[in-house]
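Working through the structure, step by step
Here is how the chains run, residue by residue.
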Amino acid sequence: MPDQPETSDQPQTSDLPPVSDLTDHLGFWLRLVSNHVSHAFAARLADRDVTVAEWVTLRALYGRPPLAPSRLADEMGMTRGAITKLADRLIAKGLVRRAADPEDGRAQTLALTPAGAALVPGLAALADANDAACLEPLTPDERASLERLLRRIVDARGLAAVPID
């Protein structure tokens, strides 16, 4: 039997409607830069045996009195289960302590240990250095404009969850 031309369920290129390229979307560029900044920071933190999520939690507790995990979860836009897992990891590392709430013995609070509090300034310096390195191509005015525009989007959309990934 002679070879028959193979038929495909795929439409012919000429039958497809035109679509925009990925690089035509601002979201593509935002995600590309965001991924670069986030991955670079995660690598810097890994050298200190801390994840981005742990850093965000440490920073949220820094300079504050003991806080109910539920309140921390609400402030960070996370589930209570996620905060519990993060707290457990940080407690195991000796950076956070869990204690009974003095006002309600049934409730618990989270607070930084002295080791956790001592770690935060150095991690904040890493965050600052990461931003400076990743945003180095921008002038100070361009960086301020970018921040202003991103904050406007955050405010307009009511975005509240703290990015941890």
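Here is what the cut-offs are and how they apply
Residues numbered from 1 in each chain as written. Predicted model: local features only at pLDDT ≥ 70, side-chain atom pairs only at ≥ 80, totals over all residues. Heavy atoms only, no water. Helix = DSSP H or I, 4+ residues; strand = E, 2+ residues; numbered from the N terminus. Expected span 1.5 Å × (residues − 1). Buried < 20%, exposed > 50% of the residue type's maximum accessible area, 1.4 Å probe, protein only. Arc of directions from axis to C-beta. Contact = heavy atoms within 4.5 Å. 1 Å grid on protein atoms, 1.4 Å probe; cavity = no way out; pocket = protein on both sides within 12 Å on 5 of 7 lines; lining within 4 Å. Points joined across faces, edges and corners; volume = space filled by probe spheres on them. Salt bridge = Lys/Arg side-chain N within 4 Å of Asp/Glu carboxyl O. Phe/Tyr/Trp six-rings, centres within 6.5 Å; stacked < 30°, edge-to-face > 60°.

Between its terminal C-alpha atoms helix α4 (residues 80-92) stretches 18 Å, which fits the 18 Å expected from 13 residues at 1.5 Å a residue. Among all positions in α4, only Ile83, Leu86, Ala87 and Leu90 are buried. The buried residues of α4 occupy an angular sector of 100° when the element is viewed end-on, so they sit on one face. Every exposed residue of α4 that faces more than 90 degrees away from the buried side is listed here: Lys85 and Ala92. At its buried positions, α4 is contacted by α2 (52-61), α3 (69-76), β1 (96-101) and β2 (104-112). Just downstream of α4, glycine 94 is the residue with a positive phi angle, here 75°.

Before going further, it helps to spend a moment on the side chain of threonine 57. Looking at the element boundaries, threonine 57 is found in helix α2. Residues in contact with threonine 57, not counting those within four places in the same chain, are Leu72, Met76, Leu86 and Leu90.

Let us now look at the environment of leucine 149. Along the chain, leucine 149 turns up in helix α6 (residues 140-157). Taking the C-alpha atoms as reference, leucine 149 lies 39 Å from glutamine 108; in sequence the two are 41 residues apart.

For the rest of this paragraph, the subject is helix α1 (residues 26-46). In this model, α1 (21 residues) spans 30 Å end to end at C-alpha, consistent with the 30 Å of a helix rising 1.5 Å per residue. Regarding α1, the residues found buried are Val37, Phe41 and Leu45. For α1, the angular spread of buried residues about the axis comes to 75°, placing them on one side. Along α1, exposed side chains directed more than 90 degrees from the buried face belong to Arg31, His39 and Ala46. Looking at the buried residues of α1, the elements they touch are α2 and α5 (114-134).

Below, the discussion takes up the layout of surface pockets. Each pocket or cavity is described by its volume, and for the largest pocket that value is around 1900 Å³. Forming the walls of the largest pocket are 34 residues, and the residues nearest its centre are Ser34, Val37, Asp131, Leu150 and Pro163. Secondary-structure elements contributing two or more residues to the lining of the largest pocket are α1, α2, α5 and α6. Top element by residues in the lining of the largest pocket is α1. It accounts for 11 residues.

Once that is clear, we can look at the pattern of salt bridges. Under the definition given, this model contains eight salt bridges. Aspartate 74 serves as the salt-bridge partner of arginine 80, at 3.3 Å between the closest nitrogen and oxygen. Owing to a relative accessible area of 46%, arginine 80 belongs among the partly exposed residues under this scheme. Accessibility expressed as a relative area gives 51% for aspartate 74, which makes it exposed. Taken together, the shared-partner salt bridges connect Glu54, Arg89 and Lys93 into one network.

Under the counting rule described, the total for this entry stands at two aromatic pairs. Each ring, one from phenylalanine 28 and one from tryptophan 29, has its centre 5.0 Å from the other, and the planes form 90°; the classification is edge-to-face. On the accessibility criterion, phenylalanine 28 (29% relative accessible area) is partly exposed. When its relative accessible area of 41% is taken as the criterion, tryptophan 29 is described as partly exposed. Ring centres of phenylalanine 41 and tryptophan 55 lie 6.2 Å apart, and the angle between their planes is 80°; this geometry places the pair in the edge-to-face category. Taken together, the positions of phenylalanine 41 in helix α1 and tryptophan 55 in helix α2 put the pair 14 residues apart, joining distant regions of the chain. Neither residue differs from the other here; phenylalanine 41 and tryptophan 55 are each classed as buried.

Purely spatial values, then, with no claim about function.
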